[in-house]
Amino acid sequence: MPTISLCMIVKNEEKHITRCLDSVAGLVEEIIIVDTGSTDQTAEIASNYTSDIYTYPWKDDFADARNYSFSKASMDYCMWMDADDILEKSEHGKFLQLKQSLPPDTDIVMMKYHTSFDEAGRPSFSYFRERWVRNCAQYRWVGAVHEAIPPNGKVAYSDIGISHKKIGAGNPGRNLRIYQKMISDGKPLDPRQQYYYGRELYYHKLYKEAVLVLEQFLSSEGGWVENKIEACAVCANCYYQLGQEQAALDTLLRSMGFDLPRAELCCEIGKYFLEHGNLHTAIYWYETALHTPKNEYSGGFILPDCYDYVPLLQLCVCYDKLGDQKKAQEYNEMAGACKPYSPAYLYNKQYFDSL
């Protein structure tokens, strides 16, 4: 059975770290904590779980700090978590089973990363991340921000999920500052960094700047296809904020030049036509979203609701506006089967019951 080193980089995480380590401490053989400058009780709390605590100067480079944490590991695989991540108890059995059944030639294990949740606590935004990585010099992090380990060797996928549950706002300006410092220092951004830099600009409502960066990324020859498709969605949102709705639609449609339609983009296109009163065209795109297969293994960001709940609810709206309330009610009931606790479904149900 393989052994696991949990490798974490932390700074001022006294609110989170107990919850995180409690969730995984009994499942791994080693815990490595790299503190990059805490001024609170983070290190003291961590010392209740491990003596392998190291200090390391923060260099505005997440990959550098994570690689240092990996360098201290002594087990077969390195596993990373952030302090505001947890492994839910419901996942513990699967975690142990995977340790017992993992083929010895596996190099990387991809696990789901749940970063957003709906009213019932179900994941509403997920994607796969490298989570267990063979402990050898071949596998190292790259990227000062949004760091990743380039996948190679034998990669296995697991439906085990790590949940990201931050308490409070964190440091929302940090990533943008790192990118801006890289640019001011004359460090070129590779295509992946360009994409994430554009997203950071969007998050900070710098829409004009974000459009320039994302359009440059979309026009470049390099870059991962999933990032290209997601960049179309982010860039379209920027155009909406700038009042350029036709440009937004053009950018959403542009995504299909990179690969088959994604339900996430189809829902956005349907929304455009619904808001412009073109109901039959909106129905087409929501139906397309509804019948688009969900490829969780593409590596892209997945919004599960866009494959059933959202298009069903929007089809209810479209048919109600067309006067076909029987069909509208049928779609609302299908949406309710996905999310019986949804306020929108319950509101619509009350509306149809009153007719």
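Residues numbered from 1 in each chain as written. Predicted model: local features only at pLDDT ≥ 70, side-chain atom pairs only at ≥ 80, totals over all residues. Heavy atoms only, no water.

A.B. asks: Explain the overall build of the chain to me, using residue names and the numbers behind them.
C.D. replies: Each helix and strand in the chain was counted, giving 14 helices and eight strands. On C-alpha atoms alone, the chain measures out to a radius of gyration of 22 Å, which is about the 20 Å that the 2.2 N^0.38 rule sets for 355 residues. Along the longest, intermediate and shortest principal axes, the C-alpha atoms of the chain span 70 × 50 × 40 Å. Counting the 355 residues in the chain, one finds 48% classified as buried. Across the chain, 36 positive and 48 negative side-chain charges occur, with their mean positions spaced 1 Å apart. (Helix = DSSP H or I, 4+ residues; strand = E, 2+ residues; numbered from the N terminus. Rg over C-alpha atoms; globule rule 2.2 N^0.38 Å. Buried < 20%, exposed > 50% of the residue type's maximum accessible area, 1.4 Å probe, protein only. Lys, Arg positive; Asp, Glu negative; His and termini not counted. Charge placed at Lys NZ, Arg CZ, Asp CG, Glu CD.)

A.B. asks: Which residues make up helix α8 (residues 225–241), and what values do they have?
C.D. replies: Between its first and last C-alpha, α8 extends 25 Å over 17 residues, near the 24 Å set by a 1.5 Å rise per residue. The element α8 is extensively covered by neighbouring structure, given that 12 of its 17 residues are classed as buried. For α8, the full list of buried residues reads E226, N227, K228, I229, E230, A231, C232, V234, C235, A236, C238 and Y239. Looking at the buried side of α8, the elements it contacts are α6 (191–203), α7 (207–219), α9 (245–254) and α10 (263–275). (Expected span 1.5 Å × (residues − 1). Contact = heavy atoms within 4.5 Å.)

A.B. asks: So, a nonpolar patch on the surface: which residues are in play, and what are the values?
C.D. replies: A cluster of nonpolar side chains, contributed by V155, Y157 and Y297, occupies part of the molecular surface with about 290 Å² of accessible area. Mapped onto the elements, Y297 comes out in the loop between α11 (279–290) and α12 (309–321). (Patch = residues over 30% accessible without salt bridge, like charges linked within 9 Å, V, L, I, M, F, W, Y side chains within 5 Å. Areas by Shrake-Rupley, 256 points an atom, 1.4 Å probe, with all protein chains shown as cover. Salt bridge = Lys/Arg side-chain N within 4 Å of Asp/Glu carboxyl O.)

A.B. asks: Any details on the packing of α8 against α9? Residues and values, ideally.
C.D. replies: Axis separation between α8 and α9 bottoms out at 8 Å; the angle between their running directions is 175°. Regarding the angle of α8 to α9, the classification is roughly antiparallel. Where α8 abuts α9, its residues C232, A233, C235, A236, Y239 and Y240 lie against E245, A247, A248, T251, L252 and R254. Among the residues forming the contact of α8 with α9, the class breakdown is nine nonpolar, one polar and two charged. (Axes fitted to C-alpha atoms, helices over the stretch in contact; angles between N-to-C directions. Parallel < 35°, antiparallel > 145°, perpendicular 65-115°, else oblique. Nonpolar A, V, L, I, M, F, W, Y, C, P; charged D, E, K, R; others polar.)

A.B. asks: Let's hear about the pattern of salt bridges: which residues, and what values?
C.D. replies: Applying the stated criterion across every chain, the model contains 20 salt bridges. Between E29 and K99 there is a salt bridge, with the nearest N and O atoms lying 2.6 Å from each other. Within this pair, whereas E29 is found in the loop between α1 (17–24) and β2 (30–35), its partner K99 is found in helix α4 (residues 92–101), the two being separated by 70 residues in sequence. The residue E91 makes a salt bridge to K94 at a minimum N-O spacing of 3.3 Å. For E91, a relative accessible area of 11% translates into the label buried. Three or more residues joined by partner-sharing salt bridges are found here, namely R66, D82 and E147.

A.B. asks: Requested: an account of the pairing of strand β6 (residues 108–117), with residues and values cited.
C.D. replies: Within a regular strand, the side chains alternate between the two sheet faces. With seven of 10 residues buried, β6 lies mostly within the body of the structure. One ladder, built from nine bridges, connects β6 with strand β7 (residues 123–134); its direction is antiparallel. Note that in β7 the partner of S116 across the bridge is F125. Looking at chain direction, β6 and strand β8 (residues 155–164) are connected through six bridges and run parallel. Looking at β8, one finds that V109 is bridged to A156. (Pairing = 2+ DSSP bridges.)

A.B. asks: With reference to specific residues and values, describe the environment of K59.
C.D. replies: Here K59 is to be found in the loop between β3 (53–55) and α3 (62–71). Residue K59 is classed as partly exposed on the basis of its relative accessible area, which comes to 48%. For the pair K59 and K208, spaced 149 residues apart in sequence, the C-alpha to C-alpha distance is 29 Å. Of note is the side chain of K59, whose polar atom sits 3.2 Å from the side chain of Y56. (Polar contact = N/O pair within 3.5 Å; in protein donor to acceptor, adjacent residues only side chain to side chain.)

A.B. asks: Any chance you could break down the pairing of β7 for me, citing the residues and the numbers?
C.D. replies: Along β7, nine of the 12 residues are buried, which leaves the element largely enclosed by surrounding structure. Taken together, the three bridges between strand β4 (residues 77–80) and β7 define a ladder with antiparallel strand orientation. Bridge pairing links C78 to V133 in β7. Counting the residues in the hairpin turn of β6 and β7 gives five residues, including G121, whose phi is positive at 85°.

A.B. asks: Can you explain the side chain of Q193? Please cite residues and give values.
C.D. replies: Residue position: Q193 is located in helix α6. Setting aside residues up to four positions removed in sequence, Q193 forms contacts with G143, A144, Y179, M182 and P188.

A.B. asks: So what's going on with unusual backbone geometry? Residues and values would help.
C.D. replies: The phi torsion at H146 lies on the positive side, around 50°, for a residue other than glycine. Its location among the elements puts H146 in the loop between β7 and β8. Even without being glycine, K205 reaches a positive phi, approximately 65°. Within the element layout of this structure, K205 appears in the loop between α6 and α7. When its relative accessible area of 62% is taken as the criterion, K205 is described as exposed.

A.B. asks: Describe the sheet that holds β8, listing the residues and the values that go with them.
C.D. replies: Sheet architecture is open: eight strands sit in the order β3-β2-β1-β4-β7-β6-β8-β5, paired in mixed fashion. Looking at strand neighbours, the two that pair on one side only are β3 and β5 (85–86), the edges of this open sheet. Relative to the sheet, α1 contacts β1 (4–10), β2, β4 and β5, its axis offset from that of β1 by approximately 175°. Here α4 sits on the sheet in contact with β1, β4, β6, β7 and β8, set at roughly 155° to β8.

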